[in-house]
Amino acid sequence: MLAGLWFILSRLAVKQPELETEAPGEMRLEVFYSNSRLDPEGVYDCTLVYPVERVIPKNPDITRAALLELLKGPTEAEQEEGYTSPFSSDTADMLVSVRVADGKAYVDFKDFRELLPSVSASCGSQQFRHQVEQTLKQFPGIGAVVYAIEKIPQTFYEFVGLGCDWRSTTCDASQFP
């Protein structure tokens, strides 16, 4: 009991680093990238992603703003710290739309298949999806992501090797008006 109280009091006595605050007209958000330097030793898992903080101009459509930041890829400084992604300046404009409804984010991309052929591989697909999903799931009310390429979910899911489960609404193109 006393050890627990001592621990709590010792943590209070240590001055915690202060976070930089954004300027008026700016906001903070996180994007998620892979980083093998941060992975547990001996673990190779394409689904592991880690947050990188970005300060951007305020935007009422925070989900769109976050995806646009993600799609720019890691900065040079982030790359030097070991962050990697299929996204780069070449993919910065591939977002068509993002809409949130009923706990899901519906994300429509331009056709990126020739630009990102590695996303059709198992690890590339997992890396792509986990970076997008963790970036979006940081926001309350988003528990799942449904993808499409040019408003056709089936194109996305077949490209990443998942196919469509017609018993669910995953490949229902009417979700992307």
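It should be noted that the structure appears before, not after, this text.
Right, let's walk through the structure included here. Sequence order as written defines the numbering, with residues in each chain counted from 1. Only residues with pLDDT of at least 70 are given local features in this predicted model, and only at 80 or more are side-chain atom pairs given and counted; all residues enter the totals for whole chains, interfaces and linings. Neither water nor hydrogens contribute to the side-chain values; these are computed over all heavy atoms in the structure.

Throughout, disulfides are identified as pairs of cysteine sulfur atoms within 2.5 Å of each other. Taken as a whole and assessed by the stated rule, the structure comprises 2 disulfides. Here Cys164 pairs with Cys171 through a disulfide, and the sulfurs are 1.8 Å apart. For the disulfide bridge between Cys164 and Cys171, the dihedral angle about the S-S bond is near -80°, and by the sign convention the bridge is left-handed. Note on exposure labels: buried denotes an accessible area under 20% of the residue type's maximum, exposed denotes more than 50%, and partly exposed covers the range between, all computed with a 1.4 Å probe on protein chains only. With a relative accessible area of 6%, Cys171 lands in the buried category. Within the protein, bonded cysteines paired by disulfides and numbered along the sequence follow the pattern 1-2, 3-4.

Numbering of helices and strands starts at the N terminus; helices are DSSP runs of H or I of at least 4 residues and strands are runs of E of at least 2. Buried residues dominate helix α2 (residues 62–71), accounting for 7 of its 10 residues. Taken as a whole, α2 has its buried residues at Thr63, Ala65, Ala66, Leu67, Glu69, Leu70 and Leu71. Contact definition: two residues touch when any of their heavy atoms are within 4.5 Å. As for α2, its buried residues are in contact with β1 (26–35), β2 (50–57), β4 (95–101), β5 (104–109) and α4 (122–137).

In this section: the sheet that holds β2. Any two strands with at least two DSSP bridges between them are considered paired. The strand order across the open sheet built from 3 strands is β2-β1-β3, with neighbouring strands paired in antiparallel fashion. The sheet terminates laterally at β2 and β3 (83–84), the two strands that pair on one side only. Across 2 bridges, the pairing between β1 and β3 is antiparallel. In the strand pairing of β3, Asn35 is matched with Tyr83. Running over the sheet, α2 touches β1 and β2 and is turned about 45° from β1. In this description, a line fitted to the C-alpha atoms serves as the axis of each element, helices being fitted only across the stretch in contact, and the angle between N-to-C directions of two axes falls anywhere from 0 to 180 degrees. The strands that α4 touches are β1 and β3; relative to β1, the one it contacts most, it runs at about 155°.

A separate point is the sheet that holds β5. One open sheet holds the 3 strands; their spatial order is β4-β5-β6, and the pairing between them is mixed. Whereas interior strands pair on both sides, the edge strands pair on one side only; in this sheet they are β4 and β6 (144–149). Averaged over neighbouring strand pairs, the angle between their axes works out to 15° when direction is ignored. Strand direction decides the pairing type here: β4 and β5, joined by 6 bridges, are antiparallel. Counterpart to Leu95 in the pairing with β5 is Phe109. Across the sheet, α4 lies against β5 and β6, angled at about 125° from β6, the strand it touches most.

Further remarks concern the environment of Val100. Residue placement: Val100 occurs in strand β4. Judged by relative accessible area, which is 41%, Val100 ranks as partly exposed. Sequence-wise, Val100 and Thr63 are 37 residues apart; in three dimensions their C-alpha atoms are separated by 8.5 Å. Residues contacting Val100, with those up to four places away along its chain left out, are Thr63, Ala105, Gly141 and Ile142.

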